[in-house]
Amino acid sequence: MGAEAIHKPALDQFSVQPIIGDYEETCKDFDWETAKDALDWFERDQSINIAHNCIDRHANGKLADKVGLHWIGGDGSEKIYTFKQLKEETNRCANLLKQIGIAKGDRVFLFLNRIPELYIGTMAILKVGAVAGPLFSAFGPDAIKDRLEDSGAVAIFTEASLKSRLEDVRSELPDLKHVILCGEHDAPDAAKGEVSYNEITAAASPEFEVERTSIDDYSIMHYTSGTTGKPKGAVHRHNSIISQKSTAQFALDLQDNDIYWCTADPGWVTGTSYGMIGPWSNGITQLVYAGGFDPDTWYGIIEKHQVTVWYTAPTAIRMLMKAGDEVPKKYDMTCLRHICSVGEPLNPEAIVWGKPIFNQAIHDNWWQTETGCIMIANYPPMEVRPGSMGRPIPGIQPGIIDDEGNEMPPGQEGNLAVRPGWPSMFQTYWNKQSMYDSRFQNGWYLTGDRAYKDEDGYYWFIGRSDDVINTAGHLVGPFEVESALVEHPAVAEAGVIGKPDKERMEIVKAFVALKDGHETSDELKEEIRLFVRNRLAAHAYPREIQFVDSLPKTRSGKIMRRLLKARDQGLPEGDTSTLEEF
Ligand code: ATP
Ligand code: MG
C-alpha cells in the first residue's frame, strides 16, 4: 500500500464547515466521532498522521494547486507554495531525515527564524514519526541547552545566523548528533554532524511513505512560556489534530477562501496548533510573515494580502493601540472578516478600541500549551462580552471548582478545570511525570488559572493562581486592575502584583508604562490612582503605582508578574530564559 490513506472521510473533506447559527445546537450535535470523520485515517481509531492530513491529503486531491503557504520575508520578498509543492518539499526533507538516521520517536528540534524550512521541517519530522520541538529563534545559548538537554534531542535544524548560539553549548549536549543547516551557510563540518539542507534535499526524492503513526505516538513537544516558572516540556500526540481541525473551524471560523494570518511564532504552541495544523488540516491558505512587529507593516500586510482571518495576541494589540489611531486610517482593512486573540486576557479596552478600526470585535479565546487546542472562545455567531474568554468549545467540558473538586455555582470564583479526555490533551511533561500527574485531581485537569462563569456560561478570567492577590482578606485578580488602568488615556500597559504588607497581608501594586507623548509625574500618578479607584472595589485599587518604561514579558508577549514581584522584593529572578530583551 502506498502513502494513501485507507479510511476516506465521510464528510466532504475539502469543505470546512463553519458554525452558523445557534451555539447550543452546535454543542448538542457535536461529538469527537464526527470530528474524526473529517480526517484521513490509516486505520480508524488507531493510526493517523498529522502531516499527511495537513499536506498530502490536499496535495493528492482537489486542493493540489491551492496555495498552502504564502511566505513573506522581513525584506518583503515572497515565496508561494501550493499544497502539491509542500508535499514534495516535505517529502524531500523527510528523506533527508531518514538518510541521517532519524527514527520514529526521536526528538528533532528546530531553531530557525520563520523561514519556509521551519514549516516544511516540522511537517517532515511528523512524516517520519519523530517528535518536533520548535524553538523560538531569539533564545540564547542557555535556553537552547536546557530544552535540548531535557528532551534528549538527536537532531536540530538551524541556520547560519543562529548557529553560533548552539555552538556555545554543543559540547554539553552529547545526545545531539545532527545539525541540519538551512539557507546559505559555510561548508558543513561532518565531524560535528552538520549536513546541508539545500544540498541533500536538492538530490532527494519528492516521494515518501508517511509513517503510520498511532493516535498515541508523540507529535510535537512545546516548552511552556515560562510565565510562572521554569518552562515545562508539554508533549502532544498525533491524535491532537482532531481537536485542532475542529476548533480552527469553531473559534477561528476558517472557511474555504480565507487568507489566514496567525502572527504567533511556532516556538509557542499557537504557532503550531494554529500556525500550521489548524489551518492546513482545513486546507486553508496561510500567510507567514517572517519580519518583526511594526504597525505600518502589519496593517499593510492585511491590506495588501487581503487577510480575512487574523489570529494575534493582546500584547500586539496593545502595541497597535500605543501607535495611535492615525496609523490604521491609512489602510483599507475591510477584507478582515474575523479577528481572534489569545495568550493573555484581552483587556475590554482593546475590544472597544478595535471596533471602529477593524469594524468588528476582537474575539478573545483561552487555552494553554497543555490543552493543545482552543478550549473557551467568543464564537463568531455569539455576542462578544468584552473581558470574557467566551464559552466552551463543543466537546470541551470546563468547570469552576473548589480545592476539593466540587463545582461552584455561577458568579463564584474558583479554579478553572477541564474534564480530561479531549483529543489534544497533553500526554506528559517530558521527564516530569509526577508534575503531570499532579495536574489531574478528582476527575479534573487543573489548569492553574482562576476564573468564574456567569449565568449564561461565559467564562471570566481572574488570574493565574500564583498571581491572585490577597489584600486584607479580599482576593483580587491582577487582570481586572490592569484592565482598569489601561482604560486611562495615558496608560499603555500595566502589570499588577501583590506586595507584602504587614497590615493587609498584601497591597495591590501597579507598574505602569505610559503611551508615547505622556510624561511621568506625581500628579499623573494620583490621577491614575483616582481613575482606577472610581472603577473598582475600594480594596482593589492600587495603593502603590510605579512608572516603568516597559514591562518584563515573555518572548510570546506575556507580562511576567513573577519577575515584577521578584524585582520589587529583591528576590531571585528564577528562570528567565523566555524573557524578552529590549
Ligand atoms: P508557564 O506554564 O511556563 O508558566 P504559560 O502558562 O504562560 O507559562 P502558555 O501555555 O503559553 O504558558 O500560556 C497559557 C496561559 O496563558 C493560560 O494558562 C492563561 O494563564 C494565559 N492565557 C492564555 N489565553 C488567555 C486568555 N484568553 N485569557 C486569559 N488568560 C489567558
Ligand atoms: Mg502555564
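All residue numbers refer to positions counted from 1 along the written sequence of the respective chain. All chains are assigned letters beginning at A, and all ligands numbers beginning at 1, according to the order in which they are written. Whole-chain, interface and lining totals are the exception, using all residues; otherwise, since this is a predicted model, local features are given only for residues with pLDDT of at least 70 and side-chain atom pairs are given and counted only at 80 or more. Values reported for side chains reflect all heavy atoms of the structure, with hydrogen atoms and water molecules removed beforehand.

### Topic: the overall build of the protein chain
Here's step 1: Secondary structure elements are taken from DSSP: a helix is a run of H or I of four residues or more, a strand is a run of E of two residues or more, and numbering for both begins at the N terminus. Secondary structure summary: the protein chain contains 18 helices and 27 strands in total.
Here's step 2: The reference for a compact globule is 2.2 Å times residues^0.38; the radius of gyration itself is calculated from the C-alpha atoms. Relative to its length of 582 residues, the protein chain is compact, with a C-alpha radius of gyration of 23 Å against a globular reference of 25 Å.
Here's step 3: If one aligns the C-alpha atoms of the protein chain with their principal axes, the spans along those axes are about 70 × 55 × 55 Å.
Here's step 4: To sort residues, take the accessible area from a 1.4 Å probe on protein chains only and compare it with the maximum for the residue type: under 20% means buried, over 50% means exposed, and anything in between is partly exposed. Taken across its 582 residues, the protein chain has 62% of its residues classed as buried.

### Observations concerning the pattern of salt bridges
Here's step 1: What makes a salt bridge here is a side-chain nitrogen of Lys or Arg within 4 Å of a carboxyl oxygen of Asp or Glu, nothing more. One pass over the full model with this rule turns up 42 salt bridges.
Here's step 2: Glutamate 78 is the partner of lysine 304 in a salt bridge, and the nearest nitrogen-oxygen pair spans 3.2 Å. Pair noted here: lysine 304 is in helix α11 (residues 295-304) and glutamate 78 is in strand β2 (residues 78-82), with a separation of 226 residues, a long-range link.
Here's step 3: The exposure class assigned to lysine 304 is exposed, which follows from its relative accessible area of 57%.
Here's step 4: Residue classification places glutamate 78 among the partly exposed positions, given a relative accessible area of 34%.
Here's step 5: Between lysine 499 and glutamate 544 there is a salt bridge, and its shortest N-O distance comes to 3.3 Å. One end of the pair, lysine 499, is in strand β25 (residues 491-501); the other, glutamate 544, is in strand β27 (residues 544-547), with 45 residues separating them in the sequence.
Here's step 6: Accessibility expressed as a relative area gives 26% for glutamate 544, which makes it partly exposed.
Here's step 7: What you see here is one network of salt bridges that share partners, running through Glu33, Lys36, Asp37, Arg44 and Asp45.

### Regarding the pairing of strand β11 (residues 285-289)
Here's step 1: Within β11, 5 of the 5 residues are buried, which leaves it mostly tucked inside the rest of the structure.
Here's step 2: Here, a strand pair is defined by DSSP locating no fewer than two bridges between the strands. Alignment of strand β10 (residues 259-262) against β11, held across 3 bridges, turns out to be parallel. In the strand pairing of β11, isoleucine 259 is matched with threonine 285.
Here's step 3: Regarding topology, helix α10 (residues 269-281) serves as the crossover connection from β10 to the parallel β11, and that connection is right-handed. Crossover handedness is defined by viewing with both strands directed away from the observer: a clockwise path from the first strand over the helix to the second marks the crossover as right-handed.

### Details of the packing of aromatic side chains
Here's step 1: Centres within 6.5 Å are what make two rings of Phe, Tyr or Trp a pair, Trp counting through its six-membered ring; a difference in plane orientation under 30 degrees is then read as stacked, over 60 as edge-to-face, and the rest as tilted. In the structure shown here, the tally under the stated rule is 28 aromatic pairs.
Here's step 2: Between tryptophan 261 and tryptophan 310 the ring centres are 6.0 Å apart and the planes differ by 20°, which places this aromatic pair in the stacked class. Of the two residues, tryptophan 261 is situated in strand β10 and tryptophan 310 in strand β12 (residues 309-312); the sequence distance between them amounts to 49 residues.
Here's step 3: For tryptophan 261, a relative accessible area of 1% gives the class buried.
Here's step 4: By relative accessible area, which is 1% here, tryptophan 310 ends up buried.
Here's step 5: Seen from their ring centres, phenylalanine 426 and tyrosine 436 are 4.6 Å apart, and the 70° between their planes marks the pair as edge-to-face.

### Digging into the sheet that holds strand β26 (residues 505-514)
Here's step 1: With respect to topology, 3 strands assemble into an open sheet ordered β25-β26-β27, the strand pairing being mixed. If you trace the sheet from one side to the other, it starts and ends with β25 and β27, each paired once. Each neighbouring strand pair of the sheet contributes to a mean axis angle of 25°, computed without reference to strand direction.
Here's step 2: Sheet contacts for helix α16 (residues 478-486): β25 and β26; angle to β25, the most-contacted strand, approximately 140°.
Here's step 3: Any two residues whose heavy atoms approach within 4.5 Å at even a single point are treated as in contact. Angles run from 0 to 180 degrees between N-to-C directions of axes, and those axes are lines fitted to C-alpha atoms, restricted for helices to the stretch in contact. Across the sheet, helix α18 (residues 561-569) lies against β25, β26 and β27, angled at about 55° from β25, the strand it touches most.

### Let's talk about the domain arrangement of the protein chain
Here's step 1: If you check the domain split of the protein chain, you get domain 1 (3-453) and domain 2 (466-580).
Here's step 2: Here the limits of each domain have been adopted from an automatic or database domain assignment. Taking only C-alpha atoms, the centre of domain 1 and the centre of domain 2 are 31 Å apart.
Here's step 3: Facing 27 residues of domain 1, the contacting portion of domain 2 comprises 26 residues.
Here's step 4: Defined in terms of a 1.4 Å probe, buried area is the accessible area two parts forfeit on being brought together, summed over both. For the domain 1 and domain 2 pair, buried surface summed over both sides reaches about 2,300 Å², with 56% attributable to carbon and sulfur atoms.
Here's step 5: Ranking the residues of domain 1 by area buried against domain 2 places Thr227, Arg318 and Lys322 at the top, with a combined share of 23%.

### What about the site of ligand 1?
Here's step 1: Here a residue is considered near a molecule or strand provided that any single heavy atom belonging to it is located within 4 Å of it. Contacts to ligand 1 come from 22 residues, most closely from Ser225, Gly226, Thr227, Thr228 and Thr369.
Here's step 2: Polar contacts here mean pairs of N or O atoms no more than 3.5 Å apart (in protein, one a potential hydrogen donor and the other a potential acceptor; neighbouring residues in sequence count only if both atoms are side-chain atoms). A distance of 2.7 Å separates an oxygen atom of ligand 1 from a polar side-chain atom of threonine 224.
Here's step 3: A distance of 2.8 Å is found between an oxygen atom of ligand 1 and a side-chain nitrogen or oxygen belonging to lysine 558.
Here's step 4: To measure how exposed things are, a 1.4 Å probe is used in the Shrake-Rupley method; for residues, cover is taken only from the protein chains shown. Protein burial of ligand 1: of its 620 Å² of free accessible surface, 95% is covered by the chains.

### Examining the nonpolar core
Here's step 1: The term nonpolar core refers to a set of buried residues drawn from Ala, Val, Leu, Ile, Met, Phe, Trp, Tyr and Cys, joined through side-chain atoms within 4.5 Å. Membership of the largest hydrophobic core comes to 98 residues, with the highest contact counts inside it found for Phe157, Trp280 and Tyr311.
Here's step 2: At 7 residues, the largest contribution of residues to this core is made by helix α5 (residues 116-127).
Here's step 3: One finds Tyr289, Leu336, Ala350 and Ala361 within the second-largest nonpolar core, a separate group that totals 28 residues.

### Concerning the side chain of histidine 58
Here's step 1: By the secondary structure assignment, histidine 58 is in helix α3 (residues 50-59).
Here's step 2: In terms of polar contacts, histidine 58 uses its side chain to reach the backbone amide nitrogen of glycine 283, at 3.4 Å.

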